[in-house]
Amino acid sequence: MHVCQAREQYVRWLLVTRDLSPHTIRAYDSDIAAFERHLGISALVDQIDRDRLIAFMEEQRAAGLSSTSIRRRASGLRGFCKWLLSCSLLGSDPWVGTTVAVGRSGKLPRILPTHELDRLFLSLLKKAAIDGSRDADDVLHLPHASTTLLAVALMVATGVRVNEVVSIKCQGIDLPGRSLRIVGKGRRERQVFLTNDWITGLTRAYLKTRAALGLEHPYLLFNLHLAPLTPPAMRSRLAKAAQGAGLDTRVTPHMLRHTAATQLIERGVDIRYIQRLLGHASLTTTEIYTHVSDQALSRVVSNADVLGTVLQLR
């Protein structure tokens, strides 16, 4: 069998059997296609071996790919080779005993500075005609602007991913317990929490608004046509909201997730709790947020003021 045929079958298998996002499946398809080009357009599956895999990874490194991209390439090809083995298309797994040492990326998560986050929220509150100083317990007068506000507030308060926030179902909301049930990657469920009276009140008002509009679908967030909000639509809403707030920064949902995690770290929350909140399978993934901002480091060191303490003893 040609590698291109095997790749097409593998992608179809992923779509049917694995609960992966379309973005992840496209990435794996792209990784295997890159390996296919390395082997040659008419390459056969039985040509895949340890030496060719290592040569491909070395080629990727020489081409200047980041360590993150190389690591993902390796992960995609490992999954592909395991599938080939399970289908008896390969006699043995060429990855056995093979280690790809790429190191950790030095790139830190992009976060939204506090003053820009404040400007974003002030603009969103104004557009939704909601006073941020009181509970929003009434039916909302501008539901579509309120949708953007609530989604952004939930991402900042809980660190959920954009796919997760648009997938929140009304039945998974516990207002008395101030919690939300989230279904994350790999269909893993976890709880996140409404952190104060304001966001609890806004969520309650939004649920009342849904009822007043007669929505029948189970998802919390809705778009202009009253259908469930989608991740691309939410990304677009956030980008427009950032522009409307006069921010020069290109704001993405993942920046809000990074911002939430970084602020929790800076406030002294144990990293194991943050791991659970974010839904990370590995603590290693969460550890990137221990690289707190220079501003936070400056504040902590200044508060400690070791030299000042010494001078006071004289």
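Above this text sits the structure in question.
Keep in mind the model is a prediction, meaning the values are calculated, not measured.

Draft legend 1. Spatial organisation of the packing of helix α1 (residues 3-17) against helix α2 (residues 22-39). Running from N to C, α1 and α2 cross one another at 170°; their axes reach a closest spacing of 10 Å. By the angle between their axes, α1 is roughly antiparallel relative to α2. Seen from α1, the contacting residues are V3, C4, R7, Y10, V11, L14 and L15; seen from α2, they are I25, Y28, D29, I32, A33, E36 and L39. Residues of the contact of α1 with α2, tallied by class, amount to 11 nonpolar, no polar and three charged.

Draft legend 2. Examining the nonpolar core more closely. Counting residues in each nonpolar core, the largest one holds 48 residues, and the members touching the most others are L120, L149, V152, L154, M234 and L256. Those elements giving two or more residues to this core turn out to be α5 (114-128), α6 (143-158), α7 (162-166), β2 (179-183), α8 (197-213), α9 (231-244) and α10 (253-266). Looking at this core, the element that brings in the most residues is α6, giving eight residues. If near-sequence neighbours (up to four positions away) are discounted, L154 is found in contact with G159, V160, V165, I168, L180, L194, I199 and L220. Counting residues in hydrophobic clusters, the runner-up holds 26 residues, among them L14, A34, A43 and V45.

Draft legend 3. Representation of the packing of α2 against helix α3 (residues 50-62) in the model. For the pair α2 and α3, the least separation of the axes is 10 Å and the interaxial angle reads 105°. With respect to their mutual orientation, α2 and α3 come out roughly perpendicular. Contact residues: α2 offers D31, A34, F35, H38 and L39, while α3 offers R52, L53, A55, F56 and E59. When grouped by side-chain class, the residues that make up the contact of α2 with α3 number six nonpolar, one polar and three charged.

How each quantity is defined
Residues numbered from 1 in each chain as written. Predicted model: local features only at pLDDT ≥ 70, side-chain atom pairs only at ≥ 80, totals over all residues. Heavy atoms only, no water. Axes fitted to C-alpha atoms, helices over the stretch in contact; angles between N-to-C directions. Helix = DSSP H or I, 4+ residues; strand = E, 2+ residues; numbered from the N terminus. Parallel < 35°, antiparallel > 145°, perpendicular 65-115°, else oblique. Contact = heavy atoms within 4.5 Å. Nonpolar A, V, L, I, M, F, W, Y, C, P; charged D, E, K, R; others polar. Core = buried A, V, L, I, M, F, W, Y, C linked by side-chain atoms within 4.5 Å. Buried < 20%, exposed > 50% of the residue type's maximum accessible area, 1.4 Å probe, protein only.

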